Amino acid sequence: MDRKPKLRALKDLPIYIEEDHHEVLPHIFKNIGAKHLPIEKNTLVHFDSHPDMLIPKDLVPEEAFDKFKLFQKLSIENWILPGAFVGVFSTIVWVCPPWSDQIAAGEYSFQIGRNKLTNQLAVTCLESYYISEGLFTIRSNLDNVKEIKLIVIKLEESPENLTEFKDQMMRVQEQIDEVDHYILDIDLDFFSTLNPFVTLYSEAGLYEKLKKIYTFNPVPQNMEYSAKIELALKFGDERREMLDKLESIFTYLTMEENLAMYEGPGEELLGPISQLVDSVRKHYPRQEIDWKLVHDAGCTFDDSELPHHISSKAEIQTMLRLTEQFLDRLDKSPTIVTISRSSCDDYCPQDQVEDIQMGVLTLLKMKFGRVTEHHCYQEEGGN
């Protein structure tokens, strides 16, 4: 006997537009509550220059099941996987532009669950994206486990490997064919993206100095599987320990002028950091330095950097056309659409965001017909 609750069809396709990307998750939850979306195992088709698939450091697994606590802990880079942990998403299709390489194109099957050793969420995915954040662990360390299927597909005009692209596209089509509902999620920085940290205290050459301190050496790909697991656990522990030390040092700088009297974790790192501090102070003598932001900028380095590609008008039109072709191939309307502008945090160029948004909305209206736009970012108080 099928005990699945009967879902209610929507007359129009709702489009929820928010400024920050994690603010779209409450709209997905509301549509689940209103029985427009299944309560679990949804497919998310995610157009973005960034994966957004990390995990909040301060999120205790039990809190993920309290939506009010969950929403408070989320940020732009970590809103999707907590949704997978509570069962809302089981398949994620990350559609990325040519200039994004945080996770290689392909298909990944892995688990997310509570790490019994740390009481934090962790994953079994062996990508550097997770190892460099200390989020990787082995399956036996997890309980309350959920399965995740991730398909990463790079959308470009002339794919380097056309056969691979066609195979990935076929897997996406098969996934959409299997489900009655899916969520279409679009970050406008998919079409043109900035790395806001490139210009942070640029006269002091901060970006390159941080790169030398924070860059992560990845686990070699051509290793035997068990050796790779062992090294991934070791590298993850070392990376987490290093980032904790760096956080301690930069927190100290928020209270003190320099590091001359610093005693604590990471003293072996003081040499290059002191040079960085002296350079920033020299070039910005009258400015209050945001050292927390400096550390946050450093944390964006693993074995790759945040994408940085300001598109021309012609490139934006090309990406819109490729998006339309991609949606044509799916041959099915989404149940809801969520859009993130990402302009206030400078990931989508502020002088381009309005034109990109207009182009995306025009495309969606032409493609899907009756839509209802919710410009939530303009409403006082947000959600």
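Residues numbered from 1 in each chain as written. Predicted model: local features only at pLDDT ≥ 70, side-chain atom pairs only at ≥ 80, totals over all residues. Heavy atoms only, no water.

Q: Help me understand the overall build of the chain, please; the structure alone is not making it clear to me.
A: Summing up its helical and strand segments, the chain has 11 helices and 9 strands in all. Here the C-alpha radius of gyration of the chain, 22 Å, is about what a compact globule of 383 residues would show, namely 21 Å. Taken along its principal axes, the extent of the C-alpha atoms in the chain is 65 × 50 × 45 Å. Out of the 383 residues belonging to the chain, those deemed buried represent 52%. (Helix = DSSP H or I, 4+ residues; strand = E, 2+ residues; numbered from the N terminus. Rg over C-alpha atoms; globule rule 2.2 N^0.38 Å. Buried < 20%, exposed > 50% of the residue type's maximum accessible area, 1.4 Å probe, protein only.)

Q: Just to check I follow, could you spell out helix α5 (residues 162-178) for this structure?
A: In an α-helix, one turn spans 3.6 residues; hence positions three or four apart end up facing the same way. For α5, built from 17 residues, the straight-helix expectation of 24 Å at 1.5 Å per residue is met to within 8% by its first-to-last C-alpha distance of 24 Å. Among the residues of α5, F165, Q168, M169, V172, Q175 and I176 are the ones counted as buried. Down the axis of α5, the buried set is contained in an arc of 115 degrees. They therefore lie on one face. For α5, the exposed residues set more than 90 degrees away from the buried face come down to T163, K166, D177 and E178. (Expected span 1.5 Å × (residues − 1). Arc of directions from axis to C-beta.)

Q: Can you walk me through the sheet that holds strand β2 (residues 42-47) in this structure?
A: Where strands meet in a sheet, backbone hydrogen bonds hold them as pairs that are either parallel or antiparallel. Spatially, β5-β4-β6-β3-β2-β7-β8-β1-β9 is the arrangement adopted by the 9 strands of the open sheet, whose pairing is mixed. The sheet terminates laterally at β5 (120-123) and β9 (371-375), the two strands that pair on one side only. Sheet twist, expressed as the mean angle between neighbouring strand axes with direction ignored, is 20 degrees. In this structure, strand β3 (residues 89-96) lies alongside strand β6 (residues 142-154), joined through 6 bridges in parallel fashion. When the bridges of β6 are listed, C96 appears paired with K154. (Pairing = 2+ DSSP bridges. Axes fitted to C-alpha atoms, helices over the stretch in contact; angles between N-to-C directions.)

Q: Can you walk me through helix α1 (residues 25-33) in this structure?
A: With 7 of 9 residues buried, α1 is to be regarded as a mostly interior element. Looking at the buried side of α1, the elements it contacts are β1 (13-18), β2, α2 (67-73), β3, β7 (183-187) and β8 (336-340). Looking one or two residues past α1, K35 carries a phi angle of roughly 65 degrees, positive in sign. (Contact = heavy atoms within 4.5 Å.)

Q: Is there a simple way to think about the nonpolar core in this case?
A: Most often, soluble globular proteins keep nonpolar side chains buried together rather than apart. Within the largest apolar cluster, 42 residues are counted, with the highest numbers of intra-cluster contacts made by I28, M53, W79, L81, F89, Y130 and L150. Elements with a contribution of two residues or more to this core: α1, α3 (80-85), β3, β4 (106-115), β5, α4 (128-131) and β6. Ignoring anything within four residues of it in the chain, the contact list for I28 reads L37, W79, V88, F89, I183, I336 and T338. Membership of the second largest hydrophobic core comes to 39 residues, among which are L155, M319, V353 and L361. (Core = buried A, V, L, I, M, F, W, Y, C linked by side-chain atoms within 4.5 Å.)

Q: Explanation requested: the packing of helix α7 (residues 225-253) against helix α8 (residues 270-283) in the structure shown.
A: Relative orientation and spacing of two packed helices are given, respectively, by the angle between their axes and the distance between those axes. Following both chains from N to C, one finds α7 and α8 inclined at 35 degrees, their axes separated by 12 Å at the closest point. The way α7 lies across α8 gives a crossing that is right-handed. Along the contact surface, α7 presents L246, I249, F250 and L253, while α8 presents L270, I273, L276, V277 and R281. (Left-handed = near helix turned anticlockwise from the far one by under 90°.)

Q: So what exactly am I meant to see when it comes to the side chain of S279 here?
A: As for its placement among the helices and strands, S279 is situated in helix α8. Here A204 takes part through its backbone oxygen, which lies 3.1 Å from a polar atom of the side chain of S279. Those residues in contact with S279, other than ones at most four positions away along the chain, are A204 and K209. (Polar contact = N/O pair within 3.5 Å; in protein donor to acceptor, adjacent residues only side chain to side chain.)

Q: Whenever I open this one, unusual backbone geometry confuses me. Can you help?
A: Across residues other than glycine, the phi torsion is negative in most instances, and most of the peptide bonds are trans. Look at K41: it is not a glycine, yet its phi comes out positive at around 60 degrees. Notably, N144 is not glycine yet its phi reads approximately 50 degrees, a positive angle.

Q: What is the right way to look at the state of the cysteines in this model?
A: Using the criterion set out here, one finds 0 disulfides in the structure. The thiol sulfur of C125 is not disulfide-bonded, and the nearest other cysteine sulfur, from C96, lies at 14 Å. C344 supplies the cysteine sulfur nearest to C348, a cysteine that is in no disulfide, at a spacing of 11 Å. (Disulfide = S-S within 2.5 Å.)

Q: What is the right way to look at the environment of E268 in this model?
A: Within the secondary structure, E268 is located in the loop between α7 and α8. Between the alpha carbons of E268 and K245 there is a distance of 9.7 Å; along the sequence they are 23 residues apart. Of the polar contacts made by the side chain of E268, one reaches the side chain of K245; its length is 2.8 Å.

Q: Before we go on, may I ask you to explain the pattern of salt bridges in this structure?
A: Pairing is possible between side chains of opposite charge, provided their charged atoms come close. Following the criterion strictly, the structure yields 16 salt bridges and no others. When the shortest N-O distance is used, the salt bridge between E107 and R171 registers 2.6 Å. With E107 in strand β4 and R171 in helix α5, this pair connects stretches of sequence that are 64 residues apart. Taking relative accessible area as the criterion, E107 reaches 34% and is therefore assigned partly exposed. Each of E19, R341 and E354 takes part in salt bridges that share partners, so that together they form one network. (Salt bridge = Lys/Arg side-chain N within 4 Å of Asp/Glu carboxyl O.)

Q: Looking at this structure, how should I read the pairing of β5?
A: Two faces make up the sheet, and in a regular strand the side chains alternate between them. Sheet topology places β4 next to β5; 4 bridges connect them, and they run antiparallel. Its bridge partner being in β5, G113 is matched across the sheet by A122. Taken together, β4 and the strand that follows it, β5, pair antiparallel across an intervening segment of 4 residues, in which N119 is found at a positive phi of about 55 degrees.

Q: Is there a simple way to think about the pairing of β8 in this case?
A: Taking burial as the measure, the 5 residues of β8 include 5 buried ones, the bulk of the element. Pairing of β1 with β8 involves 4 bridges; the strand directions are parallel. In the sheet register, I15 faces β8, and the bridge partner there is V337. The sheet contact formed by β7 and β8 spans 5 bridges and is parallel.

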